[in-house]
Amino acid sequence: MPTLIATFALFGIVMTAMAVGLIFRGKSLRGSCGGIGESCGCSARKRRACVASQHAEG
């Protein structure tokens, strides 16, 4: 049981450190096609499909 608690604590510390690092770097998250960031790593055809699906949802 102590090992399980230590494991969860370690994961929590690592996740917190990654979140703080992301906040201080000031970069936005980037996904593949249709993600939050501005760059899109797919073809123009897929980009158009992503944009069309985003407009249909919201």
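In every chain, residue numbers begin from 1 and rise along the written sequence. pLDDT decides what is reported in this predicted model: residues at 70 or higher carry local features, side-chain atom pairs at 80 or more are listed and counted, and totals for whole chains, interfaces and linings draw on all residues regardless. Values reported for side chains reflect all heavy atoms of the structure, with hydrogen atoms and water molecules removed beforehand.

What should I look at first to understand the overall build of the protein in this one?
A helix here means a DSSP run of H or I that spans at least four residues, while a strand means a run of E at least two residues long, and both kinds are numbered starting from the N terminus. Regarding its fold elements, the protein presents 2 helices and 0 strands. The buried label goes to any residue with under 20% of its type's maximum accessible area, the exposed label to any with over 50%, and the partly exposed label to all in between, with areas taken from a 1.4 Å probe on protein chains only. Counting every position in the protein, which comprises 58 residues, the buried fraction comes to 5%. Entry remark: accessible area of the protein is about 5,200 Å², with carbon and sulfur atoms responsible for 66%. Only the protein chains shown count as cover for residues, and the accessible areas themselves come from Shrake-Rupley with a 1.4 Å probe.

Please clarify how a positive patch on the surface should be interpreted in this entry.
Taken together, the side chains of Arg 45, Lys 46, Arg 47 and Arg 48 define a basic patch exposed on the protein surface. Residue placement: Arg 47 occurs in helix H2 (residues 44-57). Residue classification places Arg 47 among the partly exposed residues on the basis of a relative accessible area of 36%. Like-charged residues are merged into a patch within 9 Å and nonpolar side chains (Val, Leu, Ile, Met, Phe, Trp, Tyr) within 5 Å, provided each residue has over 30% relative accessible area and no salt bridge. The term salt bridge refers to a pairing of a side-chain nitrogen on Lys or Arg with a carboxyl oxygen on Asp or Glu at a separation within 4 Å. In this tally Asp and Glu are treated as negative and Lys and Arg as positive; neither His nor the chain ends contributes. Charged groups are reduced to one reference atom each: NZ for lysine, CZ for arginine, CG for aspartic acid, CD for glutamic acid.

It is not clear to me how helix H1 (residues 2-25) should be interpreted in this structure. Could you clarify?
Because the α-helix completes a turn every 3.6 residues, residues three or four places apart line up on one side. One less than the number of residues in a helix, times 1.5 Å, gives the span that helix is expected to have. Taking 1.5 Å per residue, 24 residues should reach 34 Å; H1 reaches 35 Å between its end C-alpha atoms and fits that length. With 0 of 24 residues buried, H1 is to be regarded as a mostly surface element. Within two residues after H1, Gly 26 carries a phi angle of roughly 75 degrees, on the positive side.

Looking at this model, I keep getting lost on a nonpolar patch on the surface. Mind explaining?
On the surface, Met 1, Leu 4, Ile 5 and Phe 8 cluster together into a nonpolar patch covering about 490 Å² of accessible area. Within the secondary structure layout, Leu 4 lies in helix H1. Relative accessible area serves as the criterion here: at 45%, Leu 4 is assigned to the partly exposed category.

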